[in-house]
Amino acid sequence: MAEMNSIASGLSGLALRRDGVKSNVHSGSTLESYVLPANLRIDDNETNLALSCMEVIKVSKNGKQQTRRLGISSNHRSILITSNRPQGKVMGLLKRNNAAADGGSTGGSGAASSAATVPTNELDLSMIVRLQLGQQSRRFFKARAKSNDSGAHPQSLSIIYRRPNNASTVAAVGSAVIDSLAKMPLTPSGTNKVRMDAGEDSLDLIIPSKKDFDALLRTLEDLLEFYKEDEPYSNLDLAFLQFHLENMGKRLGNDVKVSCHEWVSLCKRFNAPLSKSEATNLYRTLSPEADGIDMYGVSILMNKLKASASKSFKDPRDKLFQTMAISKTEGVQRRIAPSPTGPPGAFVKGFGDGEATGGKLAFLSATDNKSQVVSARAFLDFLHDKQNETDMSIDDVHDLFYQLNGHRLSKELEDTMSLVSGMKSAPHGVSWEKEYITWEVFTKYLMLESNDVFDPDRAKPSSCVMTEPLNNYWINTSHDTYLHRTKETLQDPKIAEKTDLQSYTLALYHGARAIELDVWDGQKDPVVRHGETDFPDNTIIDSTTKKSARSVSSLKFSDVLQTIAYFLQSEPKSFPIILLIENHCSLPFQEIMAKNIEYILEKRGFLYRPDPNLTPTSALPSPADLVGKVLIKSKRATSGKTTVLNNDFDDENRTAVAPESGGYDSEDDIDNNVVAFTSSGSIKSKAKTNVTYEQLFKIARHDATEANATAKSLSIQHDDATRRAAQARNHADALLRDVGMSYEELKKKRADGSDHVAEEGTEIVFDGEVAFDEDRVVVKDAENKAVEIAAAFAESVEDSRLVFSAASAEARSETELFEIARQDLTEQEVILAEAKEALEEVSNRNRRLKDAAERALAEARSNREYADNAENRVAAVKALLDKSHNQAVSSETVAGTADAEAKISEERACDAEARAQKARAKADKEKAKAIEESKKEDVLEGKLASYKNMQTELAEAIKSAQHRADDAVAMSEKLTDGIREIKSGNFDGDAKNVVERKLKERKSLNKKMDISLAEMITLEKKLREMENTYEDLRRKTKLQAKAAASAHKQADQLVSIADQLEDHALEEREAANLRNTACARAKQSVENFDAVLTSTETQLAEAERAAKEARELAIVSRERAEQLTKDAEGVQDTSSLEEDVSNAQIDCDAFQSAYDFAKESKEEAVWRAAEARLAHEKNCLNLASLERDAMSELLHQEYVQQAELLAVNACENAEALAKIAEDLKDKLEEAESVAAEKAGALAIATRFKEKMRRVQPISQSLSKLILLHSCNYRTWMRSMKTPTWTMHNFPEHKIVKMAEDGKEEWKDMVEFNKNHFSRAYPPSSSCNYNPLLPWAMGCQFASMNFTRNKFMLVNDGRFRENGNTGYVLKPEYLCSDSLGDLDDAMGCHRPRKVTIRILSGFCLPKSMDTKPGMQKRTINPFVVVTMYDGSPASLLPPPTFSSGVVKGNGLNPIWNEREAASFTCLSPALGIVSFAVYDHDDVSKKDLFIGGAAVPVRCMREGYRCVSLFDSNNSRSGAMKFSSLFVKVRCV
């Protein structure tokens, strides 16, 4: 409870900045004019940052808290914070050299000198990603864990900023230092630790003062808002250059120089297609000898670099520009001057941005793009015809031009530019800034967000679409949010379950609004961790019986809730956050969960508690109704119940199979009185029964076992009879073949000749004599021994068959006994395990009671000692109070004497100071007069020097004019001589034309000579006038110098007198100060003694109170110790439990012996049966052989009748055996039917048992906080009848199977999701899936692992719509009541053809996956475009298009692909186009991801568009901020 109060109090201290503090972001017109608070203001020459600025507490990477000073730079673009760390470690912020900033000045007091040497770190606004209120960062987590403090300081702030993200960047920073953030990875192993927050770090601060906290937060938010407003219209090239220079440890400014080596390094960073020698040569063209060039020179080099980089292919923007451009002389010429008020190194933004000329007119060739402009009218036609922006008007274009050309220019500068252009004003009152743009401005527009392929209007949050019920939205969902996602955890299963609390912060700021929590029992509190669902047999999960979980990384549930609360504190206007809780907790821990939710979320107003009057058909609230709220999804109990069915866990659903439609579902019988089972379902009773589900299962298992054993026995008998019948049949057939007759023919013959056939073993006698001829056959038994042997051996065969039958029956009996013994042993082992567990539980409880009693006794002794010490302290404070009374009386006397002396000395000092002040005023007046005279002298001298320079310039101009005239005369004479020579006839060519041409040239030269002579005469006249003026000015200067010298002499005398009087006044003042100090000390002594008395009295009261509390605490702890000791003495006796364990062990041993004996008997019986079977089969073979031999002997001896008799007997025997086999078959079928019925009943009982095992108690207090109820999917018919707050969870492969099953299944799911919820999730925590399919089927939650892959890029593109708020309204057909035809509703009959042509790219950085050794390599980019369609065709692989590879150019690669990417989107409301840029590594033959973007088809705009690229964190910060593609899009 104390922990909950601490957490709640920490949250209550955080100010709701956006609601409670008024922002003054519009109080100034620019970022530079913003008025900073006094304790954040730093001037350029500031040297005492450590003394003058705001005091803060910085949290280091190891959780230590360090006191620092923080301020804002003079240009309002950087945060400065002091540091005392040594040099040599790279962290990401630039080192600020205070000594250099001070201009290298020395002197001053020791304190000031010491302050000037304090190291300071600098963080530029351009690097800041966001501000986070509260303690949400990893360093704050470490600090709290280190201090064992569950609470949090109310004024806590994290500044999240972008740090360099590759080894080359780090190496370039050199010795830059930051003491507040983690190291950049400098080793190969470090570079593999690419998190979702790779490249981001935090500056974590605690501000002790609430006033300072509000001021700092308000200032940072205002400055960041100003910066974002300025950024789109700033010089992109300058910002790009600034970013890379800062990462090299440099700052933009007029005094910054870039060396040749640094320029080569910049080219590598730009990924420019230049070798080291080519970059060096380019540098030398501008600076052949100098060691460094300024920022103006670097900007010129940048333009040359881009021109040389695109020399192989023409920039596609040029062709587009040329179709609209006109000559600048037809429009306007402008003067571009360095900005006197802008930041160092920045130029005025305006017409011709990028044409910084240092104040000179830019007269360029009419064939250069930079000498051409585009008019507003031509640009409007471009928007209408090419860009399909038909809603734009000419006024809109004028406003756009004014912004692009620099809307912050002053009116005076605008008028000056119009005057220079040759016209005082533009026609119709339109300024030139609104009427024309240059090539540079046009290309800048093409790369702006306003020209992005993603419609900016759809990328903004729209409140009007957030009023639908919650189930009508796609919601950005994070899967297994608690996992620490790095490359190592994705590849190494040993650390794949590592958790990270900051993962929740990152997911929320990434746009996720549904986050997952798998909550389990912890040691004392519920924890969030990864695990596998397990329900022990016959066990209700609670804190006393559940075995301790294996040691895995986990997070406290309360810490996760606190992190979410901090996020809502920072983002109070966030749409609702949904907690997808998978509850594995026992009842006591569920109660703790409910308390955590109430104290952390509900107490701050963040929790949405469901309306108890909500009906199953009621519509749920909208996101707009739930702003700033937290919703909970988990299991909730129905009305009047205290249990829930826990059968909806992700790990089990991946392998679970739903019951068939119309089949038995054990979930229906949970609340019924089941007494038995059949194969078709359960048998219920209206009366209440005490039979448990375990007993029902055992009965069903016993019945199934018996039925199965009977069926097996009959099956063996049937198989034996069938085999014997087959053998007899084969034997009879063989005999019939021997006699050459069929069985029917033989029976007919015997029937016809029955009077002449004697019985076997008799003689046939005719007429009283024995005869032997052709017609008579006499049989004698003695004559055929083979027949006698066969008859005798038949009896042995029958005996062996009886032995085999008996052995088989014995084996079956022994097997049944063995199975019974095995089951008995298994049940006894379970009983033994339960007995041991019960004994262990009681023993542990007894041990805990004993330990608690011992701790209570130790605590009681400690409290007793503390109470005694408190009593002693009371006595000591009383003695101190008496002593303080005596000292206070004597100090009052001393204070009176000191006060009188101080008054006298103060009067003398004041008189001396008055005289000195008068003298000083007079001296200052004379001094000011002397200074004024000196200024006049300086002005005259300046004019004199100016006139002297002008004379020199005029003389040089006259000399130059003279030279031009002389040159013209010489050339004219030369032409005259040539003409004479031609006329003299010494020329073979066309003399006439040559003479005419030379005459024209001579005439032109004469004209130039006349102009030069006229200019020379004019300049000589000006020179003479200037010489006269110079002489007059020189005389005036001499007179003024004499007047200034006299004034200075008079002022020096008066200053000397004033100095003497001030020295005297100073002496008097020092004496007065000494006496005043003495008086003050005496008075302070009196006050101190009074304070001491007050403090001592307070201490006495506090000591008495503490003593009282200590006594009470000692009494309470003693009573508690006595009670615990009494409880420990009365612990439960374990002897009975130990006896139970012993008896169970004895029984288990007995059952084990019986099991071993049964096993041995079964094996022996089976062996005997096998031996008997082998002997019987051998006898049968022998009998058949003997009978065949007998038949052969009889036939040989022509005893035909005897052979026929044997054949008849064999056939009759075969028929009898076949009849036996048929009877056994009927019995077997009946037994198998019974066994199948019992097996079906056992299957039903098993499913019922599994369900009943999962019926667990639910905390009523927790259940009341849950809005969305998670339940398992069974059939759509059942699902449609569930309440609107019901949610189903589907693994990805089941979603795919539903889609493959046909339109009906697809349509059922869409209908369900119109009024309910469903969630899809990936196959594991390390891979993702295509979310388009579940979105197309209406799933609100498509859980994604927030790791870098192509499908996460698609997810980011989907939720880029609506301002990345985490909610996007689904298409109409997924929300409306009537669906109709699926294809028609999805728009499949109205497909949209999208054609995309990749033209060029800009400022592509290196991949984050680039190995450290390959950082100096220039990238080889190519683009992959993919269409992800949401129609049923999405089951097929998505169509893709790959551009060619541009070798060695990432600065401005040009593709100009002839073949365009052409796709047909069957469902435009769902489809998404993905752009992914890769670097093809020729060495490793791998394609490394650089950046990408995904654009929904319904958000895509036509025309010539830019594609803003995002990194894997869905961020456009750092180097990625400048990266983009230029494409042409057409949608039909």
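Just so we're clear, the structure is a prediction, and the values are computed from it rather than from any experiment.

(A) Layout of the pairing of strand β19 (residues 674-678). Relative to strand β20 (residues 681-684), β19 runs antiparallel, the two sharing four bridges. From the neighbouring strand, T678 faces β20, where its bridge partner is G681. In this structure, the hairpin formed by β19 and β20 is closed by a connection of two residues.

(B) Main features of the side chain of N471. Secondary-structure assignment places N471 in the loop between α20 (439-446) and β12 (473-478). According to the relative accessible area criterion, N471 is buried, its value standing at 5%. Among the polar contacts made by the side chain of N471, one reaches the main-chain carbonyl oxygen of K1314 at a distance of 2.5 Å. Not counting residues up to four positions away in its chain, the partners in contact with N471 are N1313, K1314, N1315, H1316, F1317, Q1340 and K1370.

(C) Region of interest: the sheet that holds strand β30 (residues 1461-1465). Strands sit in the order β30-β27-β34-β33 across an open sheet of four strands; the sheet is antiparallel. One side of each edge strand has no neighbouring strand; the edge strands of this open sheet are β30 and β33 (1503-1508). Along the sheet, successive strands turn relative to each other by an average axial angle of 35 degrees, direction set aside. The pairing of strand β27 (residues 1392-1402) with strand β34 (residues 1524-1531) spans eight bridges and is antiparallel. What sits directly across from G1401, in β34, is L1525.

(D) Examining a positive patch on the surface more closely. On the surface, a cluster of positive charge is contributed by K314, K319, K386, K1393, K1528 and R1530. Among the structural elements, K319 can be located in helix α14 (residues 316-322). Take K319: its relative accessible area is 62%, and that puts it in the exposed class.

(E) Focus on the pairing of β27. As judged from the five bridges shared by β27 and β30, these two strands associate in the antiparallel manner. Of the residues in β30, the one forming a bridge with I1396 is A1461.

(F) Layout of the sheet that holds strand β32 (residues 1486-1496). Taken together, the four strands give an open sheet; going across it, the order is β29-β28-β31-β32, and neighbouring strands pair in antiparallel fashion. The open sheet has two edge strands with one neighbour each: β29 (1440-1442) and β32. Strand-to-strand twist across the sheet, computed as the mean angle between neighbouring axes with direction ignored, equals 20 degrees. Across ten bridges, the pairing between strand β31 (residues 1472-1481) and β32 is antiparallel. Paired with H1480 across the two strands is D1487, which belongs to β32.

(G) Representation of the pattern of salt bridges within the structure. One pass over the structure, following the stated rule, counts 23 salt bridges. Across the pair R317 and D315 runs a salt bridge, and its minimum N-O distance is 2.8 Å. Both residues of the pair, R317 and D315, belong to the buried class. For E598, the salt bridge is made with R609, and the minimal N-O distance between the two is 3.6 Å. Placement of E598 in helix α24 (residues 587-600) and of R609 in the loop between α24 and β17 (630-634) is noted, with a sequence separation of eleven residues between them. Each member of the salt-bridge network shares a partner with another, and the members are R139, D201 and D204.

(H) Representation of the packing of aromatic side chains within the structure. Across all of its chains, the model carries 24 aromatic pairs by this definition. Taken together, a centroid distance of 4.9 Å and an interplanar angle of 35 degrees make the contact between F240 and F270 tilted. Here F240, found in helix α10 (residues 236-247), pairs with F270, found in helix α11 (residues 260-270); they are 30 residues apart in sequence, far enough to count as distant. For the pair F240 and F270, one class covers both residues: buried. Residues W1335 and F1359 carry aromatic rings whose centres are separated by 5.9 Å and whose planes lie at 80 degrees to one another, so their mutual orientation is edge-to-face. Placement of the pair is W1335 in helix α36 (residues 1332-1336) and F1359 in helix α37 (residues 1350-1360), with a sequence separation of 24 residues. With respect to burial, W1335 and F1359 carry one shared label: buried. Within the aromatic cluster, the residues linked to one another by ring pairs are F321, F379, F382, F401, F442 and Y445. In this arrangement the basic side chain of R130 is found over the ring face of Y509, its NZ or CZ atom lying 4.2 Å from the centre. Sitting over the ring of W1285, R636 keeps its end group 4.5 Å from the ring centre.

Thresholds, definitions, all that
- Residues numbered from 1 in each chain as written.
- Predicted model: local features only at pLDDT ≥ 70, side-chain atom pairs only at ≥ 80, totals over all residues.
- Heavy atoms only, no water.
- Pairing = 2+ DSSP bridges.
- Helix = DSSP H or I, 4+ residues; strand = E, 2+ residues; numbered from the N terminus.
- Buried < 20%, exposed > 50% of the residue type's maximum accessible area, 1.4 Å probe, protein only.
- Polar contact = N/O pair within 3.5 Å; in protein donor to acceptor, adjacent residues only side chain to side chain.
- Contact = heavy atoms within 4.5 Å.
- Axes fitted to C-alpha atoms, helices over the stretch in contact; angles between N-to-C directions.
- Patch = residues over 30% accessible without salt bridge, like charges linked within 9 Å, V, L, I, M, F, W, Y side chains within 5 Å.
- Areas by Shrake-Rupley, 256 points an atom, 1.4 Å probe, with all protein chains shown as cover.
- Salt bridge = Lys/Arg side-chain N within 4 Å of Asp/Glu carboxyl O.
- Lys, Arg positive; Asp, Glu negative; His and termini not counted.
- Charge placed at Lys NZ, Arg CZ, Asp CG, Glu CD.
- Phe/Tyr/Trp six-rings, centres within 6.5 Å; stacked < 30°, edge-to-face > 60°.
- Lys NZ or Arg CZ within 6 Å of the ring centre and 35° of its normal.

Remember that the coordinates give geometry; whether it matters functionally is a separate question.
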